[in-house]
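What follows is the residue order along each chain.
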Amino acid sequence: MNIKQKDTPTPLLQVRGLCKYFPVYSKGFLRKQIGVVKASDNINFNLMPGETLGLVGESGSGKTTTGRSILRAIKPSAGEVILNYKNNPIDLTKIHHKDLKKLRPYMQMIFQDPFSSLNPRMTVRDIVAEPLIIHKMAKGSELEDRVSRMMKKVGLKPEHRTRYPHAFSGGQRQRIGIARALIMNPALIVCDEAVSALDVSVQAQVINLLQDLQQELGLTYIFIAHDLSVVKHICDRVAVMYAGKIIEIASTNDIFDNPMHPYTKALLSAVPSPDPDQPMNMSLSGEVADPGNLPPGCAFAPRCELRSDECEQRIPDLEQKPNGRYVACHRGTGLRDSVIPG
Amino acid sequence: MLEKNKNILDIKKLKVSFFTEEGEIRAVNDVNFSIPKGKVMALVGESGCGKSVTSYSILRLIQKPGKIMDGEITFHPSEGKSFDVLKLGEKSDMLYNLRGGKISMIFQEPMTALSPVHTVGNQICEAILNHQSMTKAEARGKAADMLAKVGIPGAKGRLDQYPFEMSGGMRQRVVIAMAIVCNPELLIADEPTTALDVTIQAQILKLMKELQQEMDMSVLLITHNLGVVAQVADEVAVMYLGRIVERSDVYTIMKNPRHPYTMGLLQSLPSLSMDKTKLPSIKGSVPSLTDIPEGCPFHPRCPYYKPEICDTGTPPDLVSVADNHDAACVRVKEIQNESSAKEEACV
Amino acid sequence: MQHHFFGVKNYNNKSNSVFFFFGGDKYGHDLFSRILYGARISLSVGLIGIVITFFLGLIIGGISGYVGGRTDNFIQRSIEIINAFPKLPLWLALGAVMPADWSPLKVYFGITIVLSMMGWTGLARVVRGKILALREEDYAVAARLLGASHGRIIFRHLIPGFTSHIIVALTLTVPGMILGETSLSFLGLGLRPPVVSWGVLLQDCMNMQVVANYPWLLLPVVFIIVTVLCFNFLGDGLRDAADPYSSR
C-alpha cells in the first residue's frame, strides 16, 4: 500500500470503497444464495486526527454496519480501511486477525445500549481493567491505579469499583463503557448511538463528557447517530447515509445551513423543534428504503419530489462540490435554486 | 339539563404504587391534572417519572404488583353522565365499553401491540365488532376506510396482510387506525413515535394532529421528546419522580418555564439552532423510585437548592404562578429574580 | 403385624425371628436393606452419567454455537439423528452389545456410558442456543473489539452468562439417567444380580402374580419417584438461586 506523504496532515483513517454485503439464502433444505443485501455500499471518506465525523441516517441506512466494518467487528466484503498507525498506513481489511489484536488498543467503540454492553456478571473494576489485562499493559497496583484514575476521569467514584453494572443508572453505565473504551488511550473511537438510549438530562452530561475527553486526549470520533440535533452539537463534519450509501458529506455548518441533497433537507425538516414557533414542515412521503429491495436508480428516487427519469434509472455518484463537500444526486447542479424557494 | 364540562378527564390525587421485594414503589404520587376537550395534552418526563403508569391507570390497566391506591379519575363523556373510572367494577360493562371505545390507546412498540398471528383486517374488525353492532362485511368495509384514512396506500389489499409484512411506520398507522375506529373521545398515545425513524415520526405526528382536529378528539400524549411536545401539544404537564412539577400551555412551558427541572431539561437539549458550545446539563441522575429524596424530590439536582427550605417537609404542591400556569417549587419567585439577575450580569 | 414383615421363623436356629421392615423377597432377603444398597448404584449412575454428559454437551454445544456455519449445521443434524432414534430399542441394542461375561463393575460403567451417549444432546442444544444469543450481545462484541482471545470470550463472558442454565439442565438430566438405568435393569439388559440396584429389584415384579400377592416388592418404585422429584425440585431451586435476573 503506497500512500504518498503530502504537505497536508495524513488522515487518521481513510475509508475507500468499503462494502458489507449480507447474503440472502433461498428457503428450503439447500439454502442456495439468491442475492445480497447491500448493508453498506461503496463508503468513502477521510478522517483527520482530532476530527468528529457524524454518520447519520435512519434505520437500515447502514450506519452501524459501516461503523462496525471499520473496526472490523464484522469483516467487510470489499474495500479498504487504512488506519494511520504510528505513521504506518495499515489496511485493516486485509490484516490477519492475530495482527489485529495489536491494533485494538488504538481503536475502540462505545455502544448504544448501556444495559447490554456491560457484562452483568463482572464488576466495574473487572470491566474497566479488562483491556489492560488482555493486552498485558499493566499489573498489580499500577492496574488498580489506572482503573481508579480512569473512573474518576469519566465521573465515576473509584470506590464503586466492586459494584456490578446493575447497581448503576443508564448514564453511569454509559460512563463505565466510555472508561473501558478509553483506558488504553485509543486514537479512534466509534460511538455507535452512544447517547440515544439516555434520558435528556443525562444525555447532555454524556455529550459534554465526550467533548471534554476529546479535547483532553485528542480523540478522533466517528459519531453514529440518528438524532440530528446531537450530531450538530458534537460533529465537525457529517455524512448522511441512505440505504447503505453516503448521499452527502460536508462540514456540519454546510449540512445544516445549506443541505444540498433532497434527503438531507427532508431529514432536517423532520426533526421536531422544541420551539413551538418553528413548526415542523416535512413533506416527505413514503417509507425508508429497504436495503434488501432497492430500486434500480437512486434509492431515494421513489420518495423524492425532484426525481427525473435519470434518477429512476441510474445510481448517482458521490460528486465533489466546493468546500470539500460531496453530494450524490443527479439534480445536484442548480439544486439550490429549485429546492429552496425564496 | 346536561352539564357541560370543558374537560374530558379530571385526575385528582392519583396514587399508584408497585409492591416489589424492595418495598413499596410510589410510581405515581398525588397527581392532579385535567385534559381539556378537543386538545392535545402532553405528559412529559424522563424514564421512571410515572407518565406511562398515569396513562395506564386511566384505562385501569395497572396489573399486579401495581395497585391504584387512591384518587379519582372522572371521565366526562359528551353524552351521558360523568363518572369515576376508578369506581367501576373490574368486570363491568362500563369499563369494557370504555376501553377501546370511548377511550383508546396507542402503544410505543407497534409490533407488540398487534397480534402476529392475525391479519391486520381481522384485528381492526375485532375492535369494531366489540363495540359496534355491524355485520362482518360492514366492519371489513369500515376497516378498509380506516386504513385509507390513516394514509395506507392500497388499503383493501392490506387488510389481508399480517403485521410482519409491514414496515414499522405502516404498523403504527394500523395501530392508530385500530385506536380511532370506534370514534374515541379520548386517545391516549404512549410514546407513539419513539420506535420510529425521524421522517416517519414526522409523518405520524402530522397524521395524528390531522385526525385529532378532524375528529375533534382529545389526546393525552405521553412522551420524553420535548420536540414532539412542542410540535403537537396544546397543554403540557412535566413529571418528575411520580409528581407533576409544572403544568401550563405549550408556549409558556417551552418559552417561559418556571420550575428548575423544566428549565434544566430545556437547556440540556442540543438544538439545531445552537452552536457547538458546552451544553448546560442537570447534574446527577434521576434517583431510583425506592429512594425518593425528602422534601422537594428534585432538590439534590437543583441549581437553586437552598438547605432547609427545599430538603425538608412534604414535597411542594403545584401552586399557580400565572394564569393557567402551575409549578411545584417553593422558591419559584426567588428563582425568577435570581435567574433574571444572572442574565443581566451576563449581558 | 403382617406376616411379610418377618423372616423365616427360627432361621439359623436362632430363637428370635428377624424383623424385615419392608418385608422380604423370595429368597428371604430384607428388602429395606436391598433398597438402601441399590441406591448406591442407582444414584451414582446418574451422577457419573452427568459428568460425562456435561463435558460432551458443553464442548460439542459450545463448538456448535461459537464456530457456527457448517460445523454448527453438521452437529445439529447429528443431534437430530441421535434424538430421532427410538430410545428404548437403542438402549436395548447397546445393552446387548455388552458381553454377558463382563464383570458387574464393567457392565455398570458400560451402562453409564450408554446413558450419557444419549443424554448429552439436550445440554448441547441449551449451550449452543445460549452461546448464539450471547455472542451477539454488545458486551461480547466489546470484548472482541478489545482484542480478547476466543478462550477469554467464551470462558469469561459467554459461559458465566448461562451457568445457571447448565446447572438446571444437568440436575434435570439426573432423573433421566436414574430412570434409564432402572428401565434397562428392569428389562434384564443392564445390571444383573447379584448387583443390587433399584432396577434389578424391580425385576422381581415382572409378572402380575407377584404384584398381586407380594405388593411390597414394588416399594423401590416409591424411592425412584421421590428421588426423581427431589432432583427436579433441586433443579428449580438452583435456577432461582443462580439466576437473580430471572425474577425481573
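Up top you'll find the structure we're talking about.
Notes on the structure in this doc start here. (Residues numbered from 1 in each chain as written. Chains lettered and ligands numbered in written order. Predicted model: local features only at pLDDT ≥ 70, side-chain atom pairs only at ≥ 80, totals over all residues. Heavy atoms only, no water.)

Moving on to the sheet that holds strand β1 (residues 13-25) of chain A. Residues and elements named next belong to chain A. Taken in spatial order, the four strands line up as β2-β1-β4-β5 in an open sheet, and their pairing is antiparallel. Unpaired on one side and paired on the other, β2 (33-47) and β5 (88-91) mark the two borders of the sheet. Taken over all neighbouring pairs, the strand axes of this sheet differ in orientation by 25° on average, direction set aside. Sheet topology note: the β1/strand β4 (residues 78-85) ladder contains five bridges and is antiparallel. Looking across to β4, one finds that Leu13 is bridged to Leu83. Relative to β1, helix α1 (residues 63-70) is tilted by about 115°, and along the sheet it contacts β1, β2 and β4. (Pairing = 2+ DSSP bridges. Helix = DSSP H or I, 4+ residues; strand = E, 2+ residues; numbered from the N terminus. Axes fitted to C-alpha atoms, helices over the stretch in contact; angles between N-to-C directions. Contact = heavy atoms within 4.5 Å.)

Further remarks concern the interface of chain A and chain B. Listed by partner, the interface residues are 44 residues for chain A and 46 residues for chain B. Both sides of the chain A and chain B interface together cover about 3600 Å² of buried area, and 54% of this is carbon and sulfur. On the surface where chain A and chain B come into contact, there are two salt bridges. For the salt bridge of Asp277(A) with Lys255(B), the shortest nitrogen-to-oxygen distance reads 2.9 Å. Counting across the chain A and chain B interface gives 18 residue pairs in polar contact (both at pLDDT 80 or more). For the side of chain A that touches chain B, the secondary structure elements donating two or more residues are α6 (200-217), α7 (228-234) and α9 (262-270) of chain A. Residue classes in the side of chain A that touches chain B are distributed as 21 nonpolar, 14 polar and nine charged. (Buried area = accessible area lost by both parts, 1.4 Å probe. Salt bridge = Lys/Arg side-chain N within 4 Å of Asp/Glu carboxyl O. Polar contact = N/O pair within 3.5 Å; in protein donor to acceptor, adjacent residues only side chain to side chain. Nonpolar A, V, L, I, M, F, W, Y, C, P; charged D, E, K, R; others polar.)

A word on the side chain of Asp138(C). With respect to the helices and strands, Asp138(C) occurs in helix α5 (residues 138-145). Polar side-chain contacts of Asp138(C) include one of 3.4 Å to the side chain of Arg68(A). Non-local contacts of Asp138(C), meaning those with residues more than four positions away in its chain, are made with Arg68(A), Phe111(A), Asp113(A), Ser116(A) and Ser117(A).

Attention shifts here to helix α3 (residues 87-97) of chain C. All names here are of chain C. Residues of α3 that are buried include every one of Leu90, Trp91 and Gly95, and no others. One side of α3 holds all its buried residues, which, seen down the axis, span an arc of 130°. The exposed set on the far side of α3, more than 90 degrees from its buried face, consists of Ala96 and Val97. (Buried < 20%, exposed > 50% of the residue type's maximum accessible area, 1.4 Å probe, protein only. Arc of directions from axis to C-beta.)

A few words now on the pattern of salt bridges. What the rule picks out here adds up to 35 salt bridges over all chains. One salt bridge in this structure joins Arg152(C) and Glu130(A), with 2.9 Å as the shortest N-O distance. Placement of the pair is Arg152(C) in helix α6 (residues 150-158) and Glu130(A) in helix α3 (residues 124-134), with the two residues belonging to separate chains. Given the relative accessible area of 21%, Arg152(C) is considered partly exposed. Taking relative accessible area as the criterion, Glu130(A) reaches 2% and is therefore assigned buried. Of the charged contacts in the structure, one is a salt bridge between Arg99(B) and Glu90(B), with a shortest N-O distance of 3.9 Å. With relative accessibility at 28%, the residue Arg99(B) sits in the partly exposed group. Several salt bridges converge on common partners, so that one network encompasses Arg125(A), Asp126(A), Glu144(A), Arg161(A) and Arg156(C).

Grouped together as the largest cluster of nonpolar side chains are 96 residues, with contacts concentrated most on Ile178(A) and Phe223(A). Considering each element in turn, this core owes the most residues, seven residues, to α6(A). Filtering out sequence-adjacent residues up to four positions away, Phe223(A) remains in contact with Thr52(A), Leu53(A), Gly54(A), Leu55(A), Cys191(A), Val195(A), Leu210(A), Val230(A), Val231(A), Ile234(A) and Cys235(A). Judged by nonpolar contacts, the second largest core, of 73 residues, contains Val288(A), Leu147(B), Val219(B) and Leu226(B). (Core = buried A, V, L, I, M, F, W, Y, C linked by side-chain atoms within 4.5 Å.)

Everything listed here is a matter of geometry and, on its own, says nothing about what the molecule does.
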